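Tertiary structure, described
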Amino acid sequence: MQATLDIHSYSDTARRGQRSSVRIPLSIALLSAGFASMTLLPAAAQVLPAQVLPAAAQVAGSPPETTATSPDAIKQREQELEDTRAQQKSAAELQQKLRADIAAIGQDRSKLNQRLIDIAGQVRGIETRIGDAEVRMRPLDTREQQIRSSLDSRRAEIVEVLATLQRAGRRMPPALLVRPEDALQSLRTAMLLGAVVPELRGRAEKLAGDLGELISVRKTIASERDKLAVDRDSLRDDQTRLAALIDERQRKQSAIEKDMEAEGARAIALSQQVDSLQGLIAKMEQDLKSAAQAAATASLRGAPGNLNGKPNVGGLKDSARLSPAVAFASAKGLFALPVNGVKIREFGSSNGSGGVEKGISLSTRAGAQVTTPCDGWVVYAGPFRSYGQLLILNAGGGYHVLIAGMERISVNIGQFVLTGEPIATMGTKSQVASIIAANASQPVLYVEFRKDGTPIDPGPWWAANEGEKVRG
C-alpha cells in the first residue's frame, strides 16, 4: 500500500466555508517539499537528478554502493583540463606579445612612457567598472535572498498548491520540478486551465509573481557576473602588461643611474635620522645626491608658462618631457585622484587623537593601481615611520605631493614621473598606523599636498568630474 501523508487543504467543501483533511500520496508531498527547498538554492548549487538518487536510496535504508567514476565527472575533469590548457596558451601568447611590444619600443623613452600611462589608465578604468558592478550586485543579491527566504517560509503553501494541481486531475506535477522556471510554468498553465480553485488563486498568483521575480533577478545577477568575469580577465592581462613595462622602465632607469641601489639604501638610512615629514623632505633634498639633483632641476626649470592665461594642458601630450607641463599652482581643478577609492577622511577633519588631518585618506580595493596625479621628481621612495611605504614628489614651485600606504612602490629616487604614470600598488590591508588604529578593513591611501613645507588643502586641485581630469 502506498504511504500517505495528511495535510490540510481546500477541497470542494471548503467553498462552503469548511476545511477538510485530505490524504495525498506521500511521494508527491515529498517531491513538493523537496522542490520548495531546492528552489531556494543558487542555480550553481542545484543537484542533478542522477546525483540525488544515491542519496535518496541511502535515506530509504539501502546500503551505499561503490561505483566507478561517472561519465559526468570524467567529462567535467576533461573540461577543466581543457580550460587549463587554454589558460596556459593564452598566457604564453600574452608573454610573446609583451616581448614584441617591449622590443618595438626599444630605446624610445617617449613611447615607453606613453604606453605606461595608457595601460595604467586601462587598469584603473577596469577597476572602476568592477567596483561599479559590485555596487549594482549588492541590492540584487539582497533581493534574491529576500525572495528565497519568503519562499522558504511558505513551503507548506507550495505543497498545498502543487497538491491541488494533482487533485484537479489535469496532470501530474512535472517529475523534474526542481527549478523556479519549472514551477512558474506549471503554475501559469494551471491558472490558464482553471485548475487552481478560486480560494487558492490569489496565493498561486503571488507565488507565481515571486518565482518570476526570482528568475529575473537571477538572470540579471548571472549577466553581471559574466561581465565581471570578463573584466577580471582583462584586468589580470593588463596588470601583467603593466608589470612588464614597469620593469622595463626601471631597468632603463637603473642603467642611467648606476649607483641607484646605493642611493636607495642611503635614503632609508637618512630617513631614520628625522622624525617629521618636513624634516625628511629637507634631509633628502640636501643630503641625497639624486633627490638634491631633482630638487635643483625643479628650481631651475621654473614654472611652465600659461597659454592665454590658462594652463597649457596640451603639454601633457608630450610623453618625452623632462619637466612639468603645467605649473602646479595653475592646475587647480585638473588632477585625478591617484587611486580609485572612497574618501574616508578629509583635510582639516579630526584625526581622532586631538589633531586635524593634514591630507585626505582613500579606502581602496586590494591591489589597486596607484598613479601620480601630477608631473614631478621623486625625492623619496621607501618606508617612513608610521606611514608605511611613502612616496614624495617635488612638483616644482615649492610644492610637494606625499603619497603613503602602498604595499609596493615602482619608481626610484631622482626619477621624473609623468601625470598618470603608474608609481605603486596597494596591498590587502592598511599600512598607515593611524588608519590601522581606526580598524580599517581595507587598504587605505593617504595623500598630502605641501607648499613650502606647510600642508595645504588638496581639495581645490581635484577635478570635479571625469571630463576635467588632466591626462598624460
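Source: prediction; values computed, not measured.

Conventions adopted
Residues numbered from 1 in each chain as written. Predicted model: local features only at pLDDT ≥ 70, side-chain atom pairs only at ≥ 80, totals over all residues. Heavy atoms only, no water. Helix = DSSP H or I, 4+ residues; strand = E, 2+ residues; numbered from the N terminus. Buried < 20%, exposed > 50% of the residue type's maximum accessible area, 1.4 Å probe, protein only. Contact = heavy atoms within 4.5 Å. Areas by Shrake-Rupley, 256 points an atom, 1.4 Å probe, with all protein chains shown as cover. Pairing = 2+ DSSP bridges. Core = buried A, V, L, I, M, F, W, Y, C linked by side-chain atoms within 4.5 Å. Axes fitted to C-alpha atoms, helices over the stretch in contact; angles between N-to-C directions. pLDDT = per-residue confidence, 0-100. Phe/Tyr/Trp six-rings, centres within 6.5 Å; stacked < 30°, edge-to-face > 60°. Lys NZ or Arg CZ within 6 Å of the ring centre and 35° of its normal. Arc of directions from axis to C-beta. Salt bridge = Lys/Arg side-chain N within 4 Å of Asp/Glu carboxyl O.

1. Notes on the overall build of the protein
Each helix and strand in the protein was counted, giving eleven helices and 15 strands. Put simply, the protein has 472 residues, and 41% of those count as buried. Long-range pairs, those at least 24 residues apart, make up 68% of the contacts in the protein between residues at least 6 apart in sequence. A total accessible area of about 24,600 Å² is found for the protein, and carbon and sulfur atoms account for 53% of it.

2. Structural notes on the pairing of strand β9 (residues 389-396)
Burial analysis of β9 places seven of its eight residues in the buried class, the great majority of the element. Two successive antiparallel strands, strand β8 (residues 376-383) and β9, enclose a turn made up of five residues, where R385 displays a positive phi of approximately 45°. Where β9 meets strand β10 (residues 399-406), seven bridges bridge the pair, whose relative direction is antiparallel. Among the inter-strand pairings, I392 is bridged to a residue of β10, identified as L402. Adjacent in sequence and paired antiparallel, β9 and β10 are bridged by two residues, among which G397 carries a positive phi angle near 70°.

3. Some thoughts on the nonpolar core
In terms of nonpolar packing, the biggest core is built from 59 residues, with F328, V370, Y380, L390, L391, M406 and F449 touching the most fellow members. Considering each element in turn, this core owes the most residues, six residues, to β10. Look past the residues within four positions of V370 in its chain and what remains in contact with it is P338, V339, I403, M406, E421, P422, I423, A424, T425, M426 and L445.

4. Some remarks on the environment of K310
Here K310 lies in strand β4 (residues 310-311). Counting along the chain gives 21 residues from K310 to A331, while the straight-line C-alpha distance between them is 9.1 Å.

5. Comments concerning the sheet that holds strand β11 (residues 408-409)
Within a sheet, neighbouring strands are paired by backbone hydrogen bonds and run either parallel or antiparallel to one another. Strand order in the open sheet made by the three strands is β7-β13-β11, with antiparallel pairing throughout. Strands at the two margins of the open sheet, each flanked by one partner only, are β7 (369-371) and β11. Docked against the sheet, helix α4 (residues 109-152) engages β7 and β13 (422-425), running at close to 130° with respect to β7.

6. Section: the pairing of strand β6 (residues 360-364)
The two faces of the sheet receive side chains in turn, since in a regular strand these alternate between them. With five of five residues buried, β6 is to be regarded as a mostly interior element. Burial along β6 is two-sided: I360, L362 and T364 facing one way and S361 and S363 facing the other are all buried. As judged from the four bridges shared by strand β5 (residues 341-345) and β6, these two strands associate in the antiparallel manner. What sits directly across from G341, in β6, is T364. Note that β6 and strand β14 (residues 444-451) share four bridges and pair antiparallel. In the sheet register, L362 faces β14, and the bridge partner there is L445.

7. Regarding the confidence of the model for the protein
When pLDDT is averaged across the protein, the result is 76; 68% of the residues are at 70 or more. Per-residue pLDDT stays below 50 along residues 1-66; that stretch engages in 91 contacts with residues further than four places along the chain or on separate chains. Note on residues 169-177: pLDDT under 50 across the span, and 20 contacts to partners over four residues away in sequence or across chains.

8. Considerations on unusual backbone geometry
Backbone geometry at R385 places phi at a positive 45°, although glycine is not the residue there. Structurally, R385 is set in the loop between β8 and β9. A relative accessible area of 49% means that R385 is categorised as partly exposed.

9. Let's talk about the packing of aromatic side chains
Evaluated as defined, the whole model comprises eleven aromatic pairs. Here the aromatic rings of F449 and W461 are separated by 6.0 Å at their centres, their planes lie at 85°, and the arrangement is edge-to-face. Within this pair, whereas F449 is found in strand β14, its partner W461 is found in the segment after β15 (454-456), the two being separated by twelve residues in sequence. Of the aromatic side chains, those joined through ring pairs into one cluster are F328, F335, Y399, F449, W461 and W462. Just above the ring of W461 sits the side chain of K332; from NZ or CZ to the centre is 4.9 Å. Note that K451 overlies the ring of Y399, its terminal NZ or CZ placed 5.3 Å from the centroid.

10. Comments concerning the environment of L280
For L280, the position within the fold is in helix α9 (residues 277-287). Take L280: its relative accessible area is 0%, and that puts it in the buried class. Between the C-alpha atoms of L280 and I392, which are 112 residues apart in sequence, the distance is 9.6 Å. Excluding residues that lie within four positions of it along the chain, L280 makes contacts with S271, V274, Y380, F384, L390 and I392.

11. Examining α9
Buried within α9 we find L277, L280, I281 and M284. An end-on view of α9 places all buried positions within 100° of arc, on one side of the element.

12. Description of the pattern of salt bridges
According to the stated counting rule, one finds 19 salt bridges in the structure shown. A salt bridge links E134 to R365; the nearest nitrogen and oxygen atoms lie 2.7 Å apart. Within this pair, whereas E134 is found in helix α4, its partner R365 is found in the loop between β6 and β7, the two being separated by 231 residues in sequence. One salt bridge connects D238 with R241, and the closest N-O pair in it is separated by 2.8 Å. Highlighted residues: D238 and R241, both in helix α7 (residues 198-256), separated by three residues, approximately one helical turn.

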